[in-house]
Structure formats: structure tokens, C-alpha cells
Amino acid sequence: MAGDPSQDREFIFEFVTIGDSVRVAAVDVATGTEVVVFGPAHTAQSDLQRLAARKLIRRLTQDGHHEESKTPRPGGRGVIV
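Residues numbered from 1 in each chain as written. Predicted model: local features only at pLDDT ≥ 70, side-chain atom pairs only at ≥ 80, totals over all residues. Heavy atoms only, no water.

The next thing to look at is the nonpolar core. Phe11, Val22, Val24, Ala26, Val35, Val37, Leu48, Ala52, Ala53, Leu56, Ile57 and Leu60 form the largest nonpolar core, which has twelve residues in total. Within the residue set of this core, elements represented by two or more residues are β2 (21-28), β3 (34-40) and α1 (45-62). No other element matches α1, which puts six residues into this core. Not counting residues within four places of it along the chain, the set of residues in contact with Leu56 comprises Phe11, Ala26, Val27, Asp28, Thr33 and Val35. (Core = buried A, V, L, I, M, F, W, Y, C linked by side-chain atoms within 4.5 Å. Buried < 20%, exposed > 50% of the residue type's maximum accessible area, 1.4 Å probe, protein only. Helix = DSSP H or I, 4+ residues; strand = E, 2+ residues; numbered from the N terminus. Contact = heavy atoms within 4.5 Å.)

Structure below.
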């Protein structure tokens, strides 16, 4: 994906099926930061992986480990994606 902010970071993903759901854990190798997302078992693995990576990037940004790559919206509310 062009302009992907996770290209310069290494993530590890773990997929565990629990009934009709899938638990996806994403870990940043450099910091050890982990996030977890859940989704339907029939969802494409790539979609769940992308969701977990975006959540992990957001957490890293909040913790100060990653630069914000989004443009702030005028007026201070939200960001332009």
C-alpha cells in the first residue's frame, strides 16, 4: 500500500479463531506494544491484519513512538485521512 506508515516498522500478528470470531493480536517488535482486535471468522485475514496494524500505529502515535502522518482538521477537531 503506497504511503503506508507501517512500512518502516516490523509487526507480529497472531490470529486465533474463537467460535464465529477471530482474535487478532498485533505487536510492534521495537517497543513490545500490543493491541487486540476482534472480527467475524469469515472476514479476510488481510482486512483484519490491516485493521490491527492501523490500531497499533494509532497506539504508537499516542504513546509518542510514531510520528502522526495525518493532517489536523482546521478548528482542532479530528483529522483529515
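Predicted confidence across the protein gives a mean pLDDT of 84, with 72% of residues reaching 70 or more. The secondary-structure element of the protein with the lowest mean pLDDT is strand β4 (residues 71-72), recorded at 58, while β3 shows the highest, at 97. (pLDDT = per-residue confidence, 0-100.)

A few words now on the packing of aromatic side chains. The geometry of two aromatic rings is summed up by the distance between their centres and the angle between their planes. For the structure on display, the rule yields one aromatic pair. Taking the centre distance of 6.3 Å and the plane angle of 85° together, the rings of Phe11 and Phe13 count as edge-to-face. With relative accessibility at 14%, the residue Phe11 sits in the buried group. (Phe/Tyr/Trp six-rings, centres within 6.5 Å; stacked < 30°, edge-to-face > 60°.)

We now examine the environment of Val29. By secondary structure assignment, the location of Val29 is in the loop between β2 and β3. For Val29 and Phe11, which are 18 residues apart along the polypeptide, the C-alpha to C-alpha distance reads 5.8 Å. Not counting residues within four places of it along the chain, the set of residues in contact with Val29 comprises Glu10, Phe11 and Ile12.

Two strands pair when backbone bridges link them, and β2 and β3 are joined in this way by seven bridges, in the antiparallel orientation. Directly across from Arg23, in β3, lies its bridge partner Phe38. Between β2 and β3, which pair antiparallel and follow one another directly, the connecting turn spans five residues, one of which, Gly32, has a positive phi of 80°. (Pairing = 2+ DSSP bridges.)

Its place among the elements puts Gln49 in helix α1. The sequence separation of Gln49 and Ala26 amounts to 23 residues, and the corresponding C-alpha distance is 8.0 Å. Excluding its chain neighbours within four sequence positions, the residues that come into contact with Gln49 are Phe13 and Phe15.

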